[in-house]
Amino acid sequence: MNILVVGNGGREHALVWKLRQSSKVKNIFVTPGNAGTAQIAQNLDISKTEEIIDWLKINSADLVVIGPDNYLSEGIVDKIQEIGIPVFGPTKNASEIEWSKSFAKKLMLEENIPTATFQIFNDFNAANLYIRNQKLPLVIKANGLALGKGVVIAENLIQAENAIKEIMSNKIYGDAGREIIIEEYLQGKEISIHAFCDGENVALFPASQDHKRIFDYDKGPNTGGMGTIAPVPWVTDKQMEEIEEKIVLPTIEALRKRGRIFQGILYPGIMITETGPKVIEFNARFGDPEAQSYMRILDTDLVDILFACVRGNLKSENIKWSNKSACCITCASRGYPSVSEKDKTINGLETARGIDIVIFHAGTKKEGNVTPTNGGRVLGITATGNNLSQSLTSAYEAIKSVSFDGMQYRKDIGAKSI
Ligand code: AMP
Ligand code: GLY
């Protein structure tokens, strides 16, 4: 089989790495990929939806796998389906659950899916009036995609007023902020849930946990993700059952009833609260860096699972996860998550040592014999172990050998779960 993977992050390198292990796979193409994918697949120097469609019309593929969310909201899946090529990922209308927070919130309200209470506003004055009588802190969100930003946790009225002004009047997230959601602040522990979905059936992954803030002890601004662990040792089977029964299955069913057949990965961010798990947001794709940990412990051929989702026969797939524990530590550039430095030479990629280490590339490029940095998140150092503590020890040992000017990483990934 020939497979095309769309994207250029650590998630895509991890997916390509896993796909490479399948005996069914011959060629893997990546648009545009990075220096890591170039080692195990063929990068194509294209990245726009239309360029990818044009390439597929000429070259075809047996399966296309979509990594990032922005392609989903552009309807890349619908366009690939139109030319008759199997594609893993939800259509534009099914992925609205990610690209419109107000759509997701209304759906949850109508279907009784547990989430923070909320109000939606497209009027600046009405939003300002509303916050006067609400319990603090309040969470203020731009409705559309805002590159993982667009969420403000306001501790007091002044912060809330500022957030509304910035998003609605000053349009710091552009059109994404035309509508805002003001919601209740959920207290609890946050986890990432992923489920393979075939439109009707679902198969949950073990729970994982991202670390979104840039600095140790969850300080500083939010990032795309500074590190993950999977599974999360304190999440119980009962909680996972509750998440499947009360959140994942009802969501897929609600979408199906509305003519939005969801095939792909449903990834709800979940807060485990005192009154049970509640949805923070929905994503319609693999998380990054979640995928980097997950691919290390998935024991079933990924090609088989992706096809089962696309063909609607996930029920017949017996998905196995190893009993190991995985982690991923993100190495980021100086300046991330605002303006990141680039073009720094990375050292130690070949010599990094530790038990069961795989290094996934994100913002890297290949230039002759050197691999310079090329973005905010640069590498994901992943390890597995018999338990969380072993995998973390191994990853933090390996990271000592890797360096580039300005490299920053969190020292406390997984620490709260040990
Ligand atoms: P989102 O982009 O919706 O995932 O929000 C970014 C981050 O803000 C989440 O990962 C949470 O840590 C936090 N967050 C979002 N909504 C809430 C909420 N209602 N209560 C508490 N924290 C929240
Ligand atoms: N790990 C966060 C995300 O992929 O959205």
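Before reading on, note that the structure itself is shown above.
As a starting point, this report considers the structure included with it. Keep in mind that what you see is a predicted model, and the values were worked out from it rather than measured. Within every chain, residues take consecutive numbers counted from 1 along the sequence as written. Whichever chain is written first becomes A and whichever ligand is written first becomes 1, with later ones labelled in order. Local features in this predicted model are restricted to residues of pLDDT 70 or higher, and side-chain atom pairs are both shown and tallied only at a pLDDT of 80 or more, whereas totals for entire chains, interfaces and linings draw on every residue. Hydrogens and water are ignored here; the side-chain numbers use all heavy atoms of the structure.

## Comments concerning the site of ligand 2
- As a matter of local geometry, ligand 2 sits amid D210, G224, Y267, R285, G287, D288, P289 and E290.
- Throughout this description, a polar contact denotes any pair of N or O atoms lying within 3.5 Å of each other; where both atoms belong to protein, one of them has to be capable of donating a hydrogen while the other can accept it, and for residues adjacent in sequence the pair is counted only when both atoms sit in side chains. The contact in question runs from an oxygen atom of ligand 2 to an N or O atom on the backbone of D288, over 2.9 Å.
- Compared with its free state, where it exposes 200 Å², ligand 2 has 88% of that area covered by protein.
- Charged means Asp, Glu, Lys or Arg here, nonpolar means Ala, Val, Leu, Ile, Met, Phe, Trp, Tyr, Cys or Pro, and polar covers whatever is left, Gly included. Residue classes in the shell around ligand 2 are distributed as 2 nonpolar, 2 polar and 4 charged. One heavy atom within 4 Å of a molecule or strand is enough for the residue carrying it to be called near that molecule or strand. Using a 1.4 Å probe, accessible areas were evaluated by the Shrake-Rupley method; residue-level cover was limited to the displayed protein chains.

## Some thoughts on the site of ligand 1
- Around ligand 1 lies a shell of 16 residues, among which E183, E184, L186, E190 and E281 are the nearest.
- One nitrogen or oxygen atom from the side chain of E183 is found 2.7 Å from a nitrogen atom belonging to ligand 1.
- A distance of 2.8 Å separates a nitrogen atom of ligand 1 from a polar backbone atom of L186.
- Relative to its unbound accessible area of 470 Å², ligand 1 is 92% covered by the protein chains.
- Where helices and strands are cited, they refer to DSSP runs of H or I of at least four residues and of E of at least two residues respectively, numbered from the N terminus. For the shell around ligand 1, the secondary-structure elements that each account for two or more residues are strand 7 (138–142), strand 8 (151–154), strand 9 (180–184) and strand 18 (276–283).
- Residues belonging to the shell around ligand 1 are distributed by class as follows: 8 nonpolar, 1 polar and 7 charged.

## A word on the environment of E51
- Mapped onto the elements of the fold, E51 is located in helix 3 (residues 49–59).
- The cut-offs for exposure are 20% and 50% of the maximum accessible area for each residue type, with area from a 1.4 Å probe on protein chains only; residues under the lower value are buried, those over the upper are exposed, and the others partly exposed. E51 gets classed as partly exposed once you look at its relative accessible area, which sits at 31%.

## Observations concerning the pattern of salt bridges
- By convention in these notes, a salt bridge is any Lys or Arg side-chain nitrogen within 4 Å of a carboxyl oxygen on Asp or Glu. Tallying each qualifying case throughout the model produces 29 salt bridges.
- The residue E111 makes a salt bridge to R258 at a minimum N-O spacing of 2.9 Å. Taken together, the residues E111 in helix 7 (residues 101–111) and R258 in the loop between helix 10 (237–257) and strand 17 (263–273) connect sequence positions 147 residues apart.
- For E111, a relative accessible area of 23% translates into the label partly exposed.
- For R296, the salt bridge goes to D356, with nearest N and O atoms at 3.1 Å. Of the two residues, R296 is situated in helix 11 (residues 290–297) and D356 in the loop between strand 19 (325–332) and strand 20 (357–361); the sequence distance between them amounts to 60 residues.
- With a relative accessible area of 10%, R296 lands in the buried category.

## Examining the sheet that holds strand 5 (residues 87–88)
- Judged by pairing direction, the sheet is parallel, and its 5 strands sit side by side in the order 3-2-1-4-5 without closing on themselves. A strand with exactly one partner marks an edge of an open sheet, and here the two such strands are strand 3 (42–43) and strand 5.
- In this analysis, strands are considered paired if DSSP registers two or more bridges between them. Pairing geometry for strand 2 (residues 27–32) and strand 3, over 2 bridges, is parallel. The residue bridging F29 from the neighbouring strand is Q42, located in strand 3.
- Contacts were defined at the residue level, with two residues in contact if any of their heavy atoms lie within 4.5 Å. The convention used is that axes are lines fitted to C-alpha atoms, helices contributing only their stretch in contact, and that angles between N-to-C directions extend from 0 to 180 degrees. Sheet contacts for helix 3: strand 1 (2–7), strand 2 and strand 4 (63–66); angle to strand 1, the most-contacted strand, approximately 175°.

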